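Single-letter residue listing:
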Amino acid sequence: MKNTDTAVVFIDPQNDVLSESGANWDAVGASVTENRTVENMERIFEAAKAEGYEVFISPHYFYPTDNGWRMNGPLETSELETHTFARTGQLDLTGFRGSGADWLDRFKPYIEDGRTVVASPHKVFGPETNDLVLQLRKRGMQRIILGGMLANMCVESHMRHLIEEGFEVTVVRDATAGPRHPVWGDGYQAAIINYSFFAHALLSTDEVLDRMR
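Residues numbered from 1 in each chain as written. Predicted model: local features only at pLDDT ≥ 70, side-chain atom pairs only at ≥ 80, totals over all residues. Heavy atoms only, no water.

> Which residues make up the overall build of the protein chain, and what are the values?
Counting secondary structure elements, the protein chain contains nine helices and eight strands. Here the C-alpha radius of gyration of the protein chain, 16 Å, is about what a compact globule of 213 residues would show, namely 17 Å. Dimensions along the principal axes, computed over C-alpha positions, put the protein chain at roughly 45 × 40 × 30 Å. Expressed as a percentage of contacts within the protein chain between residues at least 6 apart in sequence, the contacts between residues at least 24 apart total 77%. (Helix = DSSP H or I, 4+ residues; strand = E, 2+ residues; numbered from the N terminus. Rg over C-alpha atoms; globule rule 2.2 N^0.38 Å. Contact = heavy atoms within 4.5 Å.)

What follows is the structure, encoded as structure tokens:
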């Protein structure tokens, strides 16, 4: 890993999936707490800024017009019903600050420093619907350090697509977390299995920090 061609990419570092007051905390809180996801993401943010790595955010937003979707899977349906990542509109930040769609407060100094690249929002799970890949290519990035939320949904979808786009992807196993559902199962454990099959590396935060130095 070197700062000339390796990017830190965090998916959905937002209140609804990382804050105890977030809309999805009941489903993800245990996994976030056990993995120390927030703390580990912050450690990577700090190292990236200190060592000169480019940082990219791929956020998840829903606008009122998205309520008109007619084909939704179980998670999409749940997100719209619970107003997860809801905003008043693409060009309107009314009510954004402190909302479920806003960044976790402790991440704001890193994301809002004028250097972090915030991609346009992905609308379902993967980056096919936003400009993340373009932003990475324009800055000459070839390798990705990947984390964020949710492990088996947006993070896994980003991992798969970035691999298909020719990037070398390292997933940080404890800088992500997943939901637990009484019928669907443990999303985090499902993701870890798939990361092991697909990612170029699956490392802990400590291992990633060692390699970033």
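> Can you lay out the packing of helix α7 (residues 151-164) against helix α8 (residues 187-198) for me, pointing to particular residues and giving the numbers?
It is at 9 Å that the axes of α7 and α8 come closest, and there the two elements cross at 15 degrees. Here α7 lies roughly parallel to α8, going by the angle between them. Remark: the crossing between α7 and α8 carries left-handed chirality. Here Ala151, Asn152, Val155, Glu156, Met159, Arg160 and Ile163 of α7 lie close against α8, whose contacting residues are Gly187, Tyr188, Ala191, Asn194, Tyr195 and Phe198. (Axes fitted to C-alpha atoms, helices over the stretch in contact; angles between N-to-C directions. Parallel < 35°, antiparallel > 145°, perpendicular 65-115°, else oblique. Left-handed = near helix turned anticlockwise from the far one by under 90°.)

> Describe the pattern of salt bridges, with residues and values.
Here the structure, examined in full by the defined rule, presents 15 salt bridges. With a shortest N-O distance of 3.2 Å, Asp105 and Lys108 are connected by a salt bridge. We classify Lys108 as buried; its relative accessible area is 14%. Between Asp113 and Arg115 there is a salt bridge whose closest N-O contact spans 3.5 Å. The class for Asp113 is partly exposed, based on a relative accessible area of 29%. (Salt bridge = Lys/Arg side-chain N within 4 Å of Asp/Glu carboxyl O. Buried < 20%, exposed > 50% of the residue type's maximum accessible area, 1.4 Å probe, protein only.)

> For the sheet that holds strand β1 (residues 6-11), give the residues involved together with the corresponding values.
By definition, the strands of a sheet pair up through backbone hydrogen bonds, in either a parallel or an antiparallel sense. Reading across the sheet, the six strands line up as β3-β2-β1-β4-β5-β8 and stay open at both edges, with parallel pairing between neighbours. On the outer flanks of this sheet lie β3 (117-118) and β8 (201-203), each paired with one strand and no other. Pairing between β1 and strand β2 (residues 54-58): five bridges, direction parallel. Note that in β2 the partner of Val8 across the bridge is Val55. Its contacts with the sheet put helix α3 (residues 37-51) on β1, β2, β4 (143-148) and β5 (168-176), and the angle it makes with β5 is roughly 135 degrees. Against the sheet, α8 touches β5 and β8, its axis set at about 155 degrees to β5. (Pairing = 2+ DSSP bridges.)

> Give me the lowdown on unusual backbone geometry, citing residues and values where you can.
A cis amide bond links Met149 to the next residue, Leu150, at an omega of -20 degrees. For Leu150, the location among the structural elements is in the loop between β4 and α7. Positive phi is not limited to glycine here, since Arg36 has a value of about 55 degrees. Take Arg36: it is sitting in the loop between α2 (25-35) and α3. A relative accessible area of 48% places Arg36 in the partly exposed class. In this structure, Phe85 is a non-glycine residue whose phi angle is positive, near 60 degrees.

Honestly, it's all geometry; don't read function into it.
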